[in-house]
Structures are given as C-alpha cells and as structure tokens.
Amino acid sequence: MEGKIAIRKIVVPGEEIDEKGKPGNGVFVENGKLYSAYLGIVDTRAGYVNVIPLSGCYIPKKGDKVIGKIIDLAPMNWVVDINAPYYAPLHVNDVPWRVEFGDTGRYLSIGDVILAKVSNVNELGQVWITLKEQGLRKLEGGHIIKISPFKVPRVIGKGGSMIQMLKDYTGCRIYVGQNGIIWISGPPEGIITVIKAIRMIENEAHTYGLTDRVKEFLEENRGESNGNEE
Amino acid sequence: MGMKSDIKLIDDNGLRIDGRLPNQLRPIKMEVGILKRADGSAFVEWGGNKIIAAVYGPNEAYPKHVQEADKAIVRARYNMAPFSVDERKRPGPDRRAVELSKVISEALESVIFVEKYPRTSIDVYIEVLQADAGTRVAGITAASLALADAGIPMRDLIVGCAAGKVDDVVVLDLNKEEDNFGQADVPMAIMPRTKEIALLQMDGDMTYEELTTAMEMAMDAAKKIHEMQVEALKRKYIKEVDEDD
Amino acid sequence: MTNSKFTAGVIPEMQRKYIHKLASQGTRVDGRNFDEIRKLTITKGYIPRAEGSALVNLGDTRVLVGVKIEPGTPFPDTPNMGILTTNAELAPLASPTFEPGPPGEEAIELARVVDRGIREGHAVDLEKLVIEEGEKVWVVFIDIHVLDYDGNLFDAAGYGALAALTNAIVPASRYELGDDFSLPVQHYPVPVTFAKIGNWIVADPNLDEESIASARLTVTTSEEGHINAMQKGLCGTFTYEEVQKVINMSMNIGAKVREIILGDSNVKED
C-alpha cells in the first residue's frame, strides 16, 4: 500500500498513454490515441484511463468539506476564498443563524476562517458553500497552513491513519480541508511538529515507507518542550 | 542582426566561435518547482541565459472586464532584469518586452485547455536574470515547465528553439555574438508531439532553402529539448524520493 | 506548489492570535528563538555578466542583486565623487500580491532603505570612482530583484547588495579607461530587521509574522559597531528601551551576518 503511487508511471502533458480503456479524467483523445493533459500519474480503473494530477489548484466538488477565509461582506452573503480559481459566496440562507439584511458582519467578519461544505458547483465553475450541517462552523484558535490539494489523501492516510497518528503524537486537533487548507489547534510545540510532519509528507508523498518515517520523526519530537530541534 | 563586423563567426573547420557545430545546441539545464510562493515554477540555464518562469492561477481574472465568459485568459510577462545585459537595462517593460509578452502569451495559450477555467486568468512571469541571446525561446521552454508544474491542463508541452544564419551558414541556437553579428535569427516555439508551431518570428536575410533548413534544424533540436523537459518534470518527483534523509 | 493566493491579502484573525500565543511562550511559527534569523546563504557572482552579483536565500525569501557600473556625469555638488544608485523591483513572480508595472511605494521604500545603509555606511569609497573631476565618474547601479517573497525583504536585499558590491569589478577596460579594478569597498554596513508582535520583538520576521506585525524596525550597523541607518515602518510604535534592545540585537546578529557575507561563497563555475 505504501508507495503504491511511486511505482505508477508519471506522465507529462501531451504524453501518449499506452493503456487500453475509455478516456477518463485528465486525458484526451486524438486520432484514437490517449494522451495525458497533466503532469500526473496514470490510474486505470473500471475500464477508464485517468491521469491524476500531481499538482494544481483545488477544483471544488459537491460535498467536499473545505476550509475557507472570509474576504468580503455583502448585505445577503459573505465572499469566501476557498483556494479555488473562484471565490465562493456563502448566502445568509446557508448559515445556521437568522441574519437580518445587511447584518452579515455581526456573524462572520473579514479574516474569519470557516469549515464549510461545497453545496453546489455548476459547469461555469461557480461554487456555493454552506454552513448548515453538523460540525460546520467558524474555526477559532489554532493555525492554518496550505498544501497541494492533490496531497490531501496522503496527509489523511488510508482510513485516516496518518492524520490519526499526527493527532495521537502531538495532542493537536487537525482538520484537513479537501481544498488543501489544514487547520491545526493545540499546544504550540505540537503545532510546530505537526507542520514539520505535514511538510515532510508533502515532500515525500511518492515514497515508500513514509508512514514509518513520519512515525520516527514524531517519536523524536515527542515531548519536545520548545519544539526547536535544529 | 546585421551589425557589420570583422569577427569570423565560422572557422575554417566549420566550427563556431564557441566551438559548436552548426547544428549543435548550447548546454541546457532545467529545474522544476524552484519557487515557494508560485503555483508552478521552473529555472532554465541555456548557454549564458538564466531564466526563471513562474505561474500563478488560474484565479478569477481581474479587472473584471478582461474576463472571458468561456475560457481562461493567458497573460505572460517577459521581463529583463536591469543587470541581465552588458549595458544596464532600464527597469520596466519596453516595446520589445511588450511584443514578446504578447507572442509568448499566444504561444502558451495554444496548448492550454483554457475552456476548463472560464473567467479566470493564468499569469506567467518570465524573468530573464542573465541574457545571452535566445531569451524568448528559453523563456517559453521554462514557462511550459512552470505551467505543467502548476497543474495546468495542456495538450502538449511547448519547446522554444531558435536557428539562424551566420557567415552564410545556417546554424542552430545562436549565441550572443552570432545574434549581434549574424545575418538572420528565427525564434520558434514548437509543440513536440504534433510538431505544430506556436511561435515563429524571423529577422535578417535568408533564402528559402536557408530558412527551411533553419526551421527543420530547430524542430529537430526541439525533440532533444523536449526530452530534457520531460526528464526535468519527472525528476522533480523522483528527486523527492532521493532527498529523503 | 505549497502556497498561493490563499495566504495573500486578508490575514485570518486566527493567525494573529496564534502567533501572539506562540510569542507569549517564547517561540515562533517556525520554532526559532526571538533573536534567531533564518538560514542565510549567499551565492556571489551568480550573474557573471553583471559587474557584481549575489543571490541571497534568507529562509524561503530569495533575492537577486546585480551591480552594473558605467561611466557617467557627476552631480554638480559632488564633482569629485562617484555615484551610487539603488533600484528595487518586486517582480510579480515573487508573490501573488505583487503587480506588474512601475515600482510602487513598497519597492521604493525597499530600495531607499538598502541605499541608505550602503551610502551612510560609506560601503563604497566613492572618491575613488572619479575618472575626471567634475566631468566623468563611475556610476554604480545596484538592482534588487525579488524572486520569492517570504518576508523581510530589507535584510535579504541589504545582504545581497553588500555581497554584490564586494565582488564587483569596475569595467574600466571596456570603456578604454585603463585596467579593470575591484570596486573599492571599505565598510560593511549590515541591516537587521525586527518586527513587533504584541509586546514581543523578533528578528528577521517571515511572511506570517510580518503580515501581523504592528511595527517594524531596521537597524544597519557597521563592522566598527556604528549605526548607519534606521528605518521604522508600520503603524505601531516602539519604546525607547525596545529601540535600544533592537540596536544591540542588530549589532550582534549583524556581526554574524557580516561573516557570512564576507565568507567565501563564490559560485562554482562548472
């Protein structure tokens, strides 16, 4: 399971993919041949040939939980940066509070960070998000960092194993948005360790034995009082 | 082009002043993902050229009136550092930089699946840190790498390469002296898979045979440069394995 | 691709609180001590075509400084002195918040702060740059090119400028004005910038810290322990005691930085 990605073939834009199957995501067909549209890895499943990009911006999907930042207010909505090509409006009907017209600033102000869900996406790339669901809320305290959205699965780990390990060793609360924004809350030395571990996962996402190395790193940093091990 | 000179650019053995054969490229080095803040980046050393390209986006295009409802706009900015040339260049874009930015933008847009990101812009910054002739083609080569690194969907990479004429000989990849004292320069950008030409300029004086020879030479060299691009892109991810300490 | 527009512009209130909390516990976002600067590496002679150059990495902030030297006319009030001029470009490739176009106020402030340190610290012996008194002198252009912006450009640019000057050659032979000679650098003024975060003061702020700092102070000191330039920025204030502390810290840090700048770090030709 570890390093499964590493043995997969890396392809570049325009590279022919010599696998049989129907064109899936991240590939295109010309003269009956399949080509990659991305710098990515080939992933063939259920008869479809896909290329999973190794980098790029977050493209919202309905149902994704994302961490966003309020960047503007309007009388009936907030404008939220969810690290996608487009800003997402959060309408007053999509929050768990009853907001009077023009009173949005009382509930969420510019610079606030929220955990939200993508409620809809249209073909133009426009996105709507909601806070009306259990667990969605304004995030308070803690720290946020950003990683490539394509490395989110790696940070979460199989069945949440990686993120659980980070939590167990550091005592931090961690929430990984599908959009690559990660919220970490807990003792500062724990947060510093978590950030270093996440950077390590990000940089070595395609390697074998990553879980073991992260574990080793966390062991070394366990109980560090000042989190400064250089 | 066209400056008169007594310098002999091709010697009696048919070698150029830097010792190259007519169809030989200068040494080229490429590295992908070198900047922290950009969404994608690349560094290309090509002869004495040192060029960084960075990509930001796609992001909602601003100001709003530049947005296109059905596609992303591609905005490349070619810029030379003041210390990149012998005579200090005044900072900021001159007419040449404006023109090059335009043709480079168009060349890059030709491979990008722009329809995937309506109303956005993809910004490409090409910074020439040291110039040694052929900056636009080296810049395009770097920009193509930075776009791939930024995860922008494209139907091909783009390879820049120039050929020209010096001392009545068609040569590949002109160096600075050849550019200054030669007879013609043909900068090109080529899609390596389909062989489509995404950028083509020419100045100087060439016969039809010379021009076609030059273009074929550049297109042939593009294959080699493309291999280097592919290797540089893949190396970024393989390097991450090796650097594990 | 670890960063983009998300961290630009609006600063989450959360970030501010977190960094304050860390400071109250004696540490920083990247685990540094308050008086600890990020890893500094300097590659001199990075642009062989320039008369002098240096590529500076201060943590993830990366700045390239090039020096060009050309003959020119002296200013009427200083006929027996060469000319020093500093320019900075915040190239848009360095940050999602940098816009193309002519230098804005940030770039101008950056250039002037670096210039002031070099000029007031008499780094370059301008009197040795006269070709013909009142008629022709050497003009030294320092061009600061920001490539990757992760905070504290003043110091990265200041180190780059000094390093580039120390390896600059005056190209006299190109203009048929005698033999080339090393640019006469006689003093080594080094800036160190501090940010005030709550009631704490930290050296060499990174972008996260810089973006929530209330005040900023750059102090440039010489190898003789003299202060050559200061620049306070942002809307917050410092107390007198804080300024004293900052000056002392600047001298201590500056001495270490000076060793790195003067160290043997010329680019290897291969």
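In what follows, the structure referred to is the one given above.
Note that the structure is predicted; figures quoted are calculated from it, not measured.

Engineer: Just give me the short version of the overall build of chain A, but keep the residues and values in it.
Structural biologist: Per the secondary structure count, chain A includes four helices and 15 strands. Each principal axis of the C-alpha distribution contributes one length, and for chain A these read about 60 × 50 × 25 Å. Looking at the 230 residues of chain A, the share that counts as buried comes to 54%. The contacts in chain A between residues at least 6 apart in sequence include a share of 59% that link residues at least 24 apart. On chain A, roughly 10,200 Å² of surface is accessible, and the fraction owed to carbon and sulfur atoms is 50%.

Engineer: Describe the pattern of salt bridges, naming the residues involved and giving the relevant values.
Structural biologist: Following the criterion strictly, the structure yields 49 salt bridges over all chains and no others. A:Glu15 is the partner of B:Lys234 in a salt bridge, and the nearest nitrogen-oxygen pair spans 3.3 Å. Highlighted residues: B:Lys234 in helix H4 (residues 208-242) and A:Glu15 in the loop between strand S1 (10-11) and strand S2 (22-23), drawn from two different chains. There is no split in this pair, since B:Lys234 and A:Glu15 are both buried. The salt bridge involving C:Arg28 is made with C:Glu209; its shortest N-O contact spans 2.8 Å. Taken together, the residues span a long stretch of sequence, with C:Arg28 in the loop between helix H1 (13-24) and strand S1 (40-44) and C:Glu209 in helix H4 (residues 207-212) at a distance of 181 residues. C:Glu209 matches C:Arg28 in its accessibility class, with the two residues each being buried. Three or more residues joined by partner-sharing salt bridges are found here, namely B:Arg16, B:Asp18, B:Arg20, B:Arg26, B:Asp86, B:Asp132, B:Asp173, B:Lys176, B:Glu178 and C:Arg49.

Engineer: Which residues make up H1(C), and what values do they have?
Structural biologist: An ideal rise of 1.5 Å per residue puts 16 Å on 12 residues; H1(C) measures up with 17 Å between its terminal C-alpha atoms. Immediately downstream of H1(C), the backbone of C:Gly26 shows phi near 80 degrees, a positive value.

Engineer: Just give me the short version of the sheet that holds strand S13 (residues 143-146) of chain A, but keep the residues and values in it.
Structural biologist: All names here are of chain A. Reading across from one edge, S13-S15-S14 is the order of the three strands in this open sheet, with antiparallel pairing throughout. The sheet is open, and its two borders are formed by S13 and strand S14 (173-176), each paired with just one other strand. Each neighbouring strand pair of the sheet contributes to a mean axis angle of 20 degrees, computed without reference to strand direction. Pairing analysis gives four bridges linking S13 to strand S15 (residues 181-185), with the strands arranged antiparallel.

Engineer: Tell me about the interface of chain A and chain C, and please be specific about residues and values.
Structural biologist: Taken together, the contact between chain A and chain C spans 34 residues of the former and 27 residues of the latter. Taken together, the two surfaces of chain A and chain C that pack against each other cover about 2,300 Å², and 60% of this comes from carbon and sulfur. At the junction of chain A with chain C, the criterion picks out zero salt bridges. Run the count over chain A and chain C and you get one residue pair in polar contact (both at pLDDT 80 or more). Residue assignment for the side of chain A that touches chain C shows that the elements contributing at least two residues are strand S7 (65-73), S13, S15 and helix H3 (188-203) of chain A. The leading source of residues in the side of chain A that touches chain C is H3(A), at six residues. Residues that form the side of chain A that touches chain C fall into these classes: 15 nonpolar, 12 polar and seven charged.

Engineer: Outline the interface of chain C and chain B, supporting the account with residue identities and numerical values.
Structural biologist: Listed per partner, the contact involves 40 residues of chain C and 32 residues of chain B. Both sides together, the interface formed by chain C and chain B hides about 3,300 Å², and carbon and sulfur atoms give 52% of it. Taken together, chain C and chain B are joined by five salt bridges. Elements with a minimum of two residues in the side of chain C that touches chain B: strand S3 (61-72), strand S4 (83-90) and strand S6 (136-148) of chain C. Class assignment for the residues of the side of chain C that touches chain B results in 19 nonpolar, nine polar and 12 charged.

Cut-offs used in this document
- Residues numbered from 1 in each chain as written.
- Chains lettered and ligands numbered in written order.
- Predicted model: local features only at pLDDT ≥ 70, side-chain atom pairs only at ≥ 80, totals over all residues.
- Heavy atoms only, no water.
- Helix = DSSP H or I, 4+ residues; strand = E, 2+ residues; numbered from the N terminus.
- Buried < 20%, exposed > 50% of the residue type's maximum accessible area, 1.4 Å probe, protein only.
- Contact = heavy atoms within 4.5 Å.
- Areas by Shrake-Rupley, 256 points an atom, 1.4 Å probe, with all protein chains shown as cover.
- Salt bridge = Lys/Arg side-chain N within 4 Å of Asp/Glu carboxyl O.
- Expected span 1.5 Å × (residues − 1).
- Pairing = 2+ DSSP bridges.
- Axes fitted to C-alpha atoms, helices over the stretch in contact; angles between N-to-C directions.
- Buried area = accessible area lost by both parts, 1.4 Å probe.
- Polar contact = N/O pair within 3.5 Å; in protein donor to acceptor, adjacent residues only side chain to side chain.
- Nonpolar A, V, L, I, M, F, W, Y, C, P; charged D, E, K, R; others polar.

Note that every value here comes from positions in space, so none of it alone points to a role or purpose.
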